Amino acid sequence: MEDNNTSSSASGAPIKLEDPSVTLTIRLIMQGKEVGSIIGKKGEIVNRFREESGAKINISDGSCPERIVTVSGTTSAIFSAFTLITKKFEEWCSQFNEVGKVGKTQIPIRLIVPASQCGSLIGKSGSKIKEIRQTTGCSIQVASDMLPNSTERAVTLSGSAEQITQCIYQICLVMLESPPRGATIPYRPKPQVTGPVILANGQAFTIQGNYAVPTQEVAKNPLASLAALGLAGMTPTGTSGINHTALAALAGSQLRTANANRAQQQQHEMTVSNDLIGCIIGKGGTKIAEIRQISGAMIRISNCEEREGGNTDRTITISGNPDSVALAQYLINMRISMETAGLPIPGYHYIAPSAIVKTPIH
């Protein structure tokens with residue numbers, strides 16, 4: 001970390017970074033199993049992090065698949081807290097490394113940043129974000145769309161624990177210099193629908209024990225059904241006799257049918273490092289073909305574009321109805337997150353509606 005004791009605000013007035021009266025709040029999104037690595041048994045790990053860093057660390061309740069971790073304090077306290085958090089998370093992620101793999105484990109961290117501050121984080125013509133990448137060695141991607149029902153965006157970091165901590169410190173400096181403008185509507189994850197959901201012939205079923213029980217609630221919203229499938233990819237195929245990625249494929253098929261008559265079309269662009277594009281395309285284009293089939297969206301990947309400083313990025317353009325675009329974006333982000341975490345990436349197995357498992361499920 002640079003030994004900077006002052007910075008400048010948007011008005012030009014100096015800010016004393018270690019002034020106890022100057023505090024920041026950094027929020028990040030973690031999945032249930034991920035957040036368990038920093039909570040510990042009866043909260044012993046997170047309590048130790050609070051004491052050692054001096055930062056306030058709060059974690060949202062477990063009613064949602066996504067948990068929000070909120071870290072508040074001075075820049076020094078936040079830096080100390082994230083040094084501890086990322087190191088522990090790195091240890092947890094290392095268990096998924098391939099046998100014999102050398103080098104530091106690359107971990108993914110998803111920050112939540114007010115959209116009004118993202119422009120300052122990117123900088124003119126991308127100058128600031130490029131500077132942060134070069135200074136810290138950390139990959140950083142700012143989502144173009146806001147998180148659902150909020151005025152915040154996801155900022156995805158990927159690198160070693162040390163690189164990510166350094167990157168977060170640089171982001172703190174930007175946030176101090178450029179406070180959010182206007183009111184910020186915070187992102188709040190939605191509670192998980194009870195049990196996995198499958199759709200067959202227009203009827204939705206929730207999995208309860210060994211039975212598929214008909215339900216009407218989720219049939220109205222295909223994406224709500226997808227949220228219930230546990231698409232984070234952390235659940236091994238075959239758990240409780242249910243192949244969750246296969247169910248995702250089935251739901252994707254039904255989603256396309258439900259939206260066949262929708263005229264509304266939209267387009268979304270994502271920028272991905274060339275180093276990560278292989279996990280999205282797959283051998284011979286098999287993985288991107290699967291994502292196209294499941295989501296029903298048109299997906300185009302640009303050729304390698306040379307950037308200043310030798311960096312290379314690829315642009316992914318997703319077109320289709322809103323649900324198809326959202327599903328394709330989710331599946332792509334899932335592959336990136338699992339690749340950077342060193343987790344095994346499951347394949348998707350398409351199941352035709354006629355092949356649906358009949359009740360009861362054995």
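Just so you know, these numbers come straight off a predicted model, no measurement behind them.

(A) How the structure looks around the environment of Thr-184. Structurally, Thr-184 is set in the loop between helix H6 (161-177) and strand S9 (197-200). Separated by 33 residues in the primary sequence, Thr-184 and Thr-151 place their C-alpha atoms 5.8 Å from one another. Contact partners of Thr-184, with chain neighbours within four places excluded, come to Pro-114, Thr-151 and Glu-152.

(B) The pairing of strand S4 (residues 56-59), seen in detail. Across four bridges, the pairing between S4 and strand S5 (residues 66-73) is antiparallel. Its bridge partner lying in S5, Asn-58 is registered against Thr-70. Counting the residues between successive antiparallel strands, the hairpin from S4 to S5 contains six residues.

(C) Local environment of the pattern of salt bridges. Tallying each qualifying case throughout the model produces eight salt bridges. In this structure, the salt-bridge partner of Arg-27 is Glu-152, at a minimum N-O distance of 2.7 Å. Here the residue Arg-27 occupies a position in strand S3 (residues 24-31), and Glu-152 occupies one in strand S8 (residues 152-159), the gap between them amounting to 125 residues. With a shortest N-O distance of 3.6 Å, Glu-66 and Arg-110 are connected by a salt bridge. Here Glu-66, found in strand S5, pairs with Arg-110, found in strand S6 (residues 107-114); they are 44 residues apart in sequence, far enough to count as distant. Assessed through its relative accessible area of 17%, Glu-66 is described here as buried.

(D) Expanded view of the sheet that holds S5. Strand order in the open sheet formed by six strands is S4-S5-S3-S6-S8-S7, with antiparallel pairing between adjacent strands. The open sheet is flanked by S4 and strand S7 (139-146), the only strands paired with a single partner. Each neighbouring strand pair of the sheet contributes to a mean axis angle of 25°, computed without reference to strand direction. Sheet topology places S7 next to S8; five bridges connect them, and they run antiparallel. Looking at the pairing, Gln-141 lines up with Thr-156 of S8. Strands S3, S6, S7 and S8 of the sheet are contacted by H6, whose axis makes an angle of about 145° with S8.

(E) Spotlight on the packing of helix H4 (residues 115-122) against helix H5 (residues 127-136). Between H4 and H5, whose axes approach to 5 Å, the crossing angle comes to 65°. Put simply, H4 runs roughly perpendicular to H5. Packed against H4, whose contacting residues are Ser-120, Leu-121 and Ile-122, the element H5 presents Ser-127, Lys-128, Ile-129 and Ile-132 at the interface. Of the residues contributing to the contact of H4 with H5, the split by class is four nonpolar, two polar and one charged.

(F) Here's a closer look at the side chain of Thr-105. Turning to its location among the elements, Thr-105 is positioned in the loop between helix H3 (75-94) and S6. According to the relative accessible area criterion, Thr-105 is buried, its value standing at 8%. The contacts of Thr-105, once residues within four sequence positions are left out, are Glu-90, Cys-93, Ser-94, Asn-97, Gly-159 and Ser-160.

(G) Geometry of the packing of H3 against H6. Packing of H3 against H6 leaves a shortest axis separation of 9 Å and a crossing angle of 150°. Classified by the interaxial angle, the pair formed by H3 and H6 is roughly antiparallel. Taken as a pair, H3 and H6 cross one another with a handedness that is right-handed. Together, Thr-75, Ile-78, Phe-79, Phe-82, Thr-83, Thr-86, Lys-87 and Glu-90 of H3 and Ala-161, Ile-164, Thr-165, Gln-166, Ile-168, Tyr-169, Cys-172 and Leu-176 of H6 make up the contact between the two elements. In terms of residue class, the contact of H3 with H6 is made up of nine nonpolar, five polar and two charged.

The rules behind each value
Residues numbered from 1 in each chain as written. Predicted model: local features only at pLDDT ≥ 70, side-chain atom pairs only at ≥ 80, totals over all residues. Heavy atoms only, no water. Helix = DSSP H or I, 4+ residues; strand = E, 2+ residues; numbered from the N terminus. Contact = heavy atoms within 4.5 Å. Pairing = 2+ DSSP bridges. Salt bridge = Lys/Arg side-chain N within 4 Å of Asp/Glu carboxyl O. Buried < 20%, exposed > 50% of the residue type's maximum accessible area, 1.4 Å probe, protein only. Axes fitted to C-alpha atoms, helices over the stretch in contact; angles between N-to-C directions. Parallel < 35°, antiparallel > 145°, perpendicular 65-115°, else oblique. Nonpolar A, V, L, I, M, F, W, Y, C, P; charged D, E, K, R; others polar. Left-handed = near helix turned anticlockwise from the far one by under 90°.

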